[in-house]
Amino acid sequence: MPQQTLLLGQTLTFDDDPFTHGPSAARHDGAGGVLVAGGRIAAAGPGPDLRRAHPGARVVDYGDALLLAGFVDAHVHYPQTAIIASWGKRLIDWLNAYTFPEEARFEDPGYAARIAARYLDLTASHGTTTMCSYCTIHPASVDALFAQAQARGQRVVAGKTCMNRNAPDGLRDTARSAYDDSKALLEKWHGVDRLSYAITPRFSPTSTPEQLSALGALWSEHPDCLMQTHLSEQTDEIAWVRTLHPEARDYLDTYEAHGLLGARGLYGHAIHLEPRERARLAEVGAALIHCPTSNTFIGSGLFDMAARMAEGQRVGLATDTGGGSSFSMLRTMAAAYEIGQLTGAALHPAQLLWLATAGSARTLHMGERIGNLAPGMEADITVLDLASTPAIAQRAERADDLWEAVFPTIMMGDDRAVRATWIGGRLAHQRDASASCG
Ligand code: GUN
Ligand code: ZN
């Protein structure tokens, strides 16, 4: 029998989606426990009961810290780690001034490996256990992230970013090489350990119709893969798409016409949608990935969460590192809350935490494996200190229930609130290295 580890603390799990079922879809246990064995959750329930039932388990007692599923970041660009928080540009200028020069550096596999390791260290320290990442056009940038994730036993989705126009020399592939390289990477990594491949046309301004068609064909040959791209992020971008793809009915049609619309499609941002686009996205069950710190940081606009949920869209939450201004899913939840306020809906803490865990896992079609603490699920667990700074502690002290206790950490918390991160049943990050917890 594998070694069993019993994590004790407050626990938060979800029986359902709090957007449709309200906050009571969440289950809170003030003295809960999660039993971990062989990289999976063997049991979850009242801590004292689990302790009695499993006297041989190693116990890690987190006191009144909150145990919840590891955060799932549904849209990131790991190669933009070193240029996060770059000043003063909106989307297209930001890509040209900061992003493309940095992505060109990934021609060097050594550099790619260093940034991949740095990125996974940073995200673990922020409580993020799974991400869906763009890489660069270089196949070695995909190998670098997958190799690092594999060594850490981490569930990661990633793909080679494809671009064959409107990108500088050295950062363009072709329709043919995008297909061939993506296929080779997919065959090498998809389904290996906890890794999966996402076919990744960057966005329609940087792909010709031929490239979009080639990637649509690849997706139809591998329908179990995810496909990720960007959609309707800024109004200037949408106007540019109209001139580049005059035959298309709208931005979404530039993908749809080439076989790049489907239930396993992830559409980043999706802020400024036409009625036809909204109807088609909901009809096929595609995922819209909300990236709130990015949307304010590069001035993209306000995603209307309540309206999208009401029309039945599948929505995930993401940092969009490094267009987003933080690696923290706590900071990302705070920004989602603020954008919710600006669009007329105060998102409940249960909804924010669900989006950052089970909701995002569902958009990746991984809701059965990650994003919740339930028997049989993979043991990706984040331990939150709900009093991580004096400012948060003095507010949380007044709390009458879990939601009031956790909301100050959502709004004001960062990596200081992440006491520990467990990935695949292994302690991947511990805030207080000197403390004896595991
Ligand atoms: N649209 C196309 N590429 C990108 C990118 O790297 N970041 C963001 N935020 N939007 C994009
Ligand atoms: Zn992006």
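Notes on the structure in this doc start here. Each chain has its residues counted from 1, running along the sequence as written. Chain letters and ligand numbers both follow the written order, the letters beginning at A and the numbers at 1. Under the rules for a predicted model, residues below a pLDDT of 70 receive no local features and side-chain atom pairs below 80 are neither given nor counted, while totals for whole chains, interfaces and linings still include all residues. Heavy atoms throughout the structure, all of them, feed into the side-chain values; hydrogens and water do not.

1. Here we look at the packing of helix H13 (residues 329-342) against helix H16 (residues 402-412)
Then, in step 1: In contact at an axis separation of 6 Å, H13 and H16 are set at 95 degrees when each is read in the N-to-C sense. On the basis of the axis angle, H13 is roughly perpendicular to H16. Residues Leu 330, Met 333, Ala 334, Tyr 337 and Glu 338 of H13 touch H16, and the partners they reach there are Phe 407, Thr 409, Ile 410 and Met 411.
Then, in step 2: Gly counts as polar in this scheme, as do all residues outside two lists: the nonpolar Ala, Val, Leu, Ile, Met, Phe, Trp, Tyr, Cys and Pro, and the charged Asp, Glu, Lys and Arg. For the contact of H13 with H16, a count of residues per class yields seven nonpolar, one polar and one charged. Axes here refer to lines fitted to C-alpha atoms; in helices the fit is confined to the stretch in contact. Angles between the N-to-C directions go from 0 to 180 degrees. By definition, any uninterrupted DSSP run of H or I lasting at least four residues is a helix, any uninterrupted run of E lasting at least two residues is a strand, and each is numbered from the N terminus. Working definition: roughly parallel below 35 degrees, roughly antiparallel above 145 degrees, roughly perpendicular at 65 to 115 degrees, and oblique for all remaining angles. When checking whether two residues touch, look at their non-hydrogen atoms; a contact exists if any pair is within 4.5 Å.

2. Focus: helix H14 (residues 349-363)
Then, in step 1: When the terminal C-alpha atoms of H14 are compared, their 19 Å separation across 15 residues agrees well with the 21 Å that a helix rising 1.5 Å per residue should span.
Then, in step 2: At Leu 355, H14 shows its largest kink, close to 55 degrees.
Then, in step 3: Residue exposure (1.4 Å probe, protein chains only): buried if accessible area is under 20% of the type maximum, exposed if over 50%, otherwise partly exposed. For H14, a buried count of 14 out of 15 residues is recorded, marking the element as mostly surrounded by other parts of the structure.
Then, in step 4: Of the residues one or two after H14, His 365 is the one with positive phi, at around 60 degrees. Residue count minus one, scaled by 1.5 Å, sets the expected span of a helix. Two axes enter the definition of the bend at a residue: one is fitted to the seven residues ending there, the other to the seven starting there, and the bend is the angle between them.

3. Brief notes about the sheet that holds strand S1 (residues 4-14)
Then, in step 1: The strand order across the open sheet built from seven strands is S3-S2-S1-S4-S14-S15-S16, with neighbouring strands paired in mixed fashion. Looking at the sheet topology across the chains shown, the edges are occupied by strand S3 (40-46) and strand S16 (426-430). Averaged over all adjacent pairs, the angle separating strand axes in this sheet is 35 degrees, with direction ignored.
Then, in step 2: As paired strands, strand S4 (residues 58-69) and strand S14 (residues 381-384) are joined by four bridges and run antiparallel to one another. For Ala 69, the partnering residue across the bridge sits in S14 and is Ile 381. Any two strands with at least two DSSP-identified bridges between them are counted as paired.

4. A look at unusual backbone geometry
Then, in step 1: Note the cis peptide between Thr 321 and Gly 322, where omega equals -5 degrees.
Then, in step 2: With respect to the helices, strands and loops of the structure, Gly 322 is situated in the loop between strand S13 (314-317) and H13.
Then, in step 3: We note that Ala 85 has phi near 60 degrees; this positive angle belongs to a residue other than glycine.
Then, in step 4: Positionally, Ala 85 belongs in the loop between strand S5 (71-77) and helix H3 (91-104).
Then, in step 5: With relative accessibility at 54%, the residue Ala 85 sits in the exposed group.

5. Topic: H3
Then, in step 1: Remark: the principal bend of H3, roughly 35 degrees, maps to Tyr 98, with a proline, Pro 101, within the next four residues.
Then, in step 2: Three or more residues of H3 are buried, namely Leu 91, Trp 94, Leu 95, Thr 99, Phe 100, Glu 102 and Glu 103.
Then, in step 3: Buried residues belonging to H3 abut helix H4 (109-125) and helix H8 (235-244).

6. Some thoughts on the site of ligand 1
Then, in step 1: Lining the immediate environment of ligand 1, one finds 13 residues, of which His 77, Gln 80, Arg 202, Glu 233 and Asp 320 sit closest.
Then, in step 2: Polar contact is defined as a pair of N or O atoms within 3.5 Å, subject to the rule that within protein one atom must be able to donate a hydrogen and the other to accept it, and that residues adjacent in sequence are counted only when both atoms are side-chain atoms. For ligand 1, an oxygen atom lies 3.5 Å from a polar atom in the side chain of His 77.
Then, in step 3: Contact distances for ligand 1 include 2.8 Å between a nitrogen atom and a side-chain N or O atom of Arg 202.
Then, in step 4: In isolation ligand 1 offers 270 Å² of accessible surface; the protein chains occlude 100% of this area.
Then, in step 5: The dominant element in the shell around ligand 1, judged by the number of residues it contributes, is H3, at three residues.
Then, in step 6: Per-class residue counts for the shell around ligand 1 are five nonpolar, five polar and three charged. One heavy atom suffices: a residue is near a molecule or strand as soon as one of its heavy atoms comes within 4 Å of it. We get accessible surface area from the Shrake-Rupley algorithm with a probe of 1.4 Å; when it comes to residues, only the shown protein chains can shield them.

7. Focus on the nonpolar core
Then, in step 1: Nonpolar cores are built from buried Ala, Val, Leu, Ile, Met, Phe, Trp, Tyr and Cys residues. Side-chain atoms within 4.5 Å join them into one set. The biggest cluster of nonpolar side chains holds 94 residues, and the ones touching the most others in it are Tyr 78 and Tyr 267.
Then, in step 2: Discounting residues that sit within four places of it in the chain, Tyr 78 has contacts with Phe 106, Ala 112, Ile 115, Ala 116, Tyr 119, Ser 133, Tyr 134, Cys 135, Ser 141, Ala 144 and Leu 145.

8. Notes on the coordination of the zinc ion (ligand 2)
For a metal bound by four donors in a tetrahedral arrangement, the ideal donor-metal-donor angle is 109.5 degrees, while six donors in an octahedral arrangement ideally sit at 90 or 180 degrees.
Then, in step 1: Water is absent from the atoms considered, so a metal site may look incomplete; donors are defined as N, O and S atoms within 2.8 Å of the metal, or 3.2 Å for Na, K and Ca. Those donors, His 75 (NE2), His 77 (NE2), His 230 (NE2) and Asp 320 (OD), are the protein atoms that reach the zinc ion (ligand 2), and they lie 2.0 to 2.6 Å from it.
Then, in step 2: Spacing between the donor residues of the zinc ion (ligand 2) along their common chain follows H-x1-H-x152-H-x89-D. Of this pair, His 75 sits in strand S5 while His 230 sits in strand S10 (residues 226-231), and the two are 155 residues apart along the sequence. Both residues of the pair, His 75 and His 230, belong to the buried class.

9. Here's the deal with the packing of aromatic side chains
Then, in step 1: Think of it this way: a Phe, Tyr or Trp ring, Trp meaning its six-membered ring, pairs with another when their centres are within 6.5 Å, and the plane angle makes it stacked under 30 degrees, edge-to-face over 60, tilted otherwise. A full pass over the atoms with the stated rule returns nine aromatic pairs.
Then, in step 2: Look at Tyr 119 and Phe 327: their rings are 6.3 Å apart centre to centre, the planes differ by 55 degrees, and that puts the pair in the tilted class. With Tyr 119 in helix H4 and Phe 327 in the loop between S13 and H13, this pair connects stretches of sequence that are 208 residues apart.
Then, in step 3: The class of Tyr 119 is buried, set by a relative accessible area of 0%.
Then, in step 4: Each member of the aromatic cluster is reached from another via a ring pair, and the members are Tyr 78, Phe 106, Tyr 111, Tyr 119 and Phe 327.

10. Digging into the environment of Asp 320
Then, in step 1: Relative to the helices and strands, Asp 320 resides in the loop between S13 and H13.
Then, in step 2: Along the backbone, Asp 320 and His 75 are 245 residues apart, and their C-alpha atoms lie at a distance of 5.3 Å.
Then, in step 3: For Asp 320, the contacting residues outside a window of four places in its chain are Asp 73, His 75, Val 76, His 77, Glu 233, His 269, Cys 291 and Ser 294.
Then, in step 4: Within the local environment of Asp 320, its side chain forms a polar contact with the side chain of Ser 294, the two groups lying 2.7 Å apart.

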